[in-house]
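Here is how the chains run, residue by residue.
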Amino acid sequence: ATFAASAATQLFGRQLLRDLKVLKARWMRLLPPVLMIVLFVSLRRFVDHEVNITGYVQDWFVAANRIVVLGLVTWVIWLFFMALSECFARTGLVSRREIDVSLLRILGGVAAIVAGIAVIVSGLRDLGVDAVPLIAGLGVGGLAVALAIRPTLENLIGGLIIHSDRPVRIGDYCSVGGISGNVETIGVRSTQIRALDRTLVSIPNSRLADMDIVNWAKCDRMLINETLNMRFETSPDQMRHVLSAIRHMLHAHPKVDSETIRVRYLGPVASSREIGVRIHIKTREWNEFYAVREDVFLRIDDLVERSGVGYAFPSQTLYLAQDRLPDQERGAAAETEVNAWRSENRMPFPVLDRQTIADLEGTLDYPPVGSNGFVHGEQLTEPVAEPLSSEEEPEAEKERLRS
């Protein structure tokens, strides 16, 4: 325990030192422009009090000095907001669950731009420049610039949408437009994804905001949905045996969510009889998922072999056998029964009559006689429900379905 505590202290201490070095470098960037502001302000006061200059020379000197100081102040404001956002991001003053680090940097940049514009307008007003025409001109010019840099603005807005809607976060594994990988950065212009082949893919935020994103980091279970093809010669009882064996195995498996098990005979197709297997695995980690998937299908292979059946594969089988004619007595009885329907005007075509439908409704046993949990049509156990909606049907809809 002592060794673990010491190792954790060293680890976090090193991370803290790295963060402090970065923050120190950020704040130290403020020093040169601040010193230059002090220098130019001191120079102006020195000229005002010690150097006797007048007229246009003095006016031009004062104006130039103020413009330089105004630019330096704007620079300081920009560096200040950038350092402040980095400080919030690295010191944990804002939880990463509430706001992303990259969004903090974007907001810091926007705040720096707004504050810088306010300082410039205020400084120009002190210089005697009318700010109203300037702002109007900036509005018209800004519109022209906005049209020129429209893709960049779309990417910026797309980045803000991604941060607010949170379809993905930094570090999430996701699939986007045929690309799968971990999100590394969500920047002002683009989002970078480290693909499975270790290449770095950059997707513009405007496109990413409109794309279908599959965020695998948000799934609570991982799905296995496969179809097993049994040989066409598989008998109904062999199919019942293998279905029962697979269901028992899946319910006994500790990594399979029992509430989601669905193993059903889907019916015969061209060259096989299909069994649908759909289950959820209790994991959120890819390597473990594939390990469990491998284990499940190896067990299914054993059960298929134990049931005396086999997997089908696309093929054509030529059977050489003596032709066996249909049962003539049963065929004659069927024709006699159809003639009786015709003579009594009871032909069930194109549909059954209402009375016949009413007499037939509910006369078959389901599940079939002998199924577990049912005795003479009485249900003894409740099957696992899997509704398509969590909302209950309205009473009027229920009455309509009953009628």
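Residues numbered from 1 in each chain as written. Predicted model: local features only at pLDDT ≥ 70, side-chain atom pairs only at ≥ 80, totals over all residues. Heavy atoms only, no water.

A short note on the sheet that holds strand β4 (residues 200–204)
Reading across from one edge, β4-β3-β2-β1-β5 is the order of the five strands in this open sheet, with antiparallel pairing throughout. Both outer strands of the open sheet, β4 and β5 (213–215), are each paired with one neighbouring strand and no more. For this sheet, the mean angle separating the axes of adjacent strands, direction not counted, is 40°. Here five bridges tie strand β3 (residues 190–195) to β4, and the two strands are oriented antiparallel to one another. For Arg-194, the partnering residue across the bridge sits in β4 and is Leu-200. (Pairing = 2+ DSSP bridges. Helix = DSSP H or I, 4+ residues; strand = E, 2+ residues; numbered from the N terminus. Axes fitted to C-alpha atoms, helices over the stretch in contact; angles between N-to-C directions.)

What to know about the confidence of the model for the protein
Low-pLDDT portions of the prediction should not be read for the details of their coordinates. Confidence along the protein averages 76 in pLDDT terms, with 69% of residues attaining 70 or more. Across residues 7–12, where pLDDT falls below 50, the model places zero contacts with residues more than four positions away in sequence or in other chains. (pLDDT = per-residue confidence, 0-100. Contact = heavy atoms within 4.5 Å.)

What to know about the nonpolar core
Residues Leu-250 and Ile-275 are the most contacted members of the largest nonpolar core, which totals 27 residues. Among the elements of the structure, β6 (222–230), α8 (236–252), β8 (273–281) and α9 (286–306) are those that each provide at least two residues to this core. Beyond its immediate chain neighbours, meaning those up to four positions away, Ile-275 contacts Glu-226, Thr-227, Leu-228, Met-230, Met-239, Val-242, Leu-243, Val-263, Arg-264 and Leu-266. Listed in part, the nine residues of the second largest apolar core include Val-168, Cys-174, Val-183 and Ile-193. (Core = buried A, V, L, I, M, F, W, Y, C linked by side-chain atoms within 4.5 Å. Buried < 20%, exposed > 50% of the residue type's maximum accessible area, 1.4 Å probe, protein only.)

So, the sheet that holds β8
Taking strand neighbours across the sheet as the criterion, the three strands line up as β6-β8-β7 in an open arrangement whose pairing is antiparallel. Among the strands making up the open sheet, the edge pair consists of β6 and β7 (262–268). When strand polarity is set aside, the average angle formed by the axes of neighbouring strands in this sheet is 20°. In terms of strand pairing, β6 meets β8 through nine bridges, oriented antiparallel.

Regarding helix α10 (residues 328–343)
The end-to-end C-alpha distance of α10, which contains 16 residues, comes to 23 Å, matching closely the 22 Å that a straight helix rising 1.5 Å per residue would cover. One or two positions beyond α10, positive phi appears at Asn-345, with a value near 55°. (Expected span 1.5 Å × (residues − 1).)

Remarks on the packing of aromatic side chains
Remark: the centre distance and the inter-plane angle together describe each pair of aromatic rings, the angle taken between the planes. In total, this model carries five aromatic pairs according to the counting rule given. Note on Trp-216 and Trp-286: the rings are 5.2 Å apart at their centroids and 65° apart in plane angle, and the pair reads as edge-to-face. Here the residue Trp-216 occupies a position in the loop between β5 and β6, and Trp-286 occupies one in helix α9, the gap between them amounting to 70 residues. Accessibility expressed as a relative area gives 33% for Trp-216, which makes it partly exposed. What makes Trp-286 partly exposed here is its relative accessible area of 26%. Ring geometry for Phe-289 against Tyr-290: centres 5.2 Å apart, planes inclined by 70°, an arrangement best described as edge-to-face. (Phe/Tyr/Trp six-rings, centres within 6.5 Å; stacked < 30°, edge-to-face > 60°.)

Some thoughts on a nonpolar patch on the surface
On the surface, a nonpolar cluster with roughly 480 Å² of combined accessible area is contributed by Met-36, Trp-75, Trp-78, Ile-113 and Ile-117. Secondary structure elements with two or more residues in the nonpolar patch: α3 (55–91) and α4 (101–126). Locating Met-36 in the fold gives a position in helix α2 (residues 31–50). Residue classification places Met-36 among the partly exposed residues on the basis of a relative accessible area of 35%. (Patch = residues over 30% accessible without salt bridge, like charges linked within 9 Å, V, L, I, M, F, W, Y side chains within 5 Å. Areas by Shrake-Rupley, 256 points an atom, 1.4 Å probe, with all protein chains shown as cover. Salt bridge = Lys/Arg side-chain N within 4 Å of Asp/Glu carboxyl O.)

With respect to the pattern of salt bridges
Within the structure shown, the criterion is met by eight salt bridges. When the shortest N-O distance is used, the salt bridge between Glu-233 and Arg-231 registers 3.3 Å. The exposure class of Arg-231 is partly exposed, given its relative accessible area of 36%. Measuring nitrogen to oxygen at the nearest pair gives 2.8 Å for the salt bridge that ties Asp-237 to Arg-240. Placement of the pair is Asp-237 and Arg-240 together in helix α8, with a separation of three residues, close to one helical turn. The class of Arg-240 is exposed, set by a relative accessible area of 54%.

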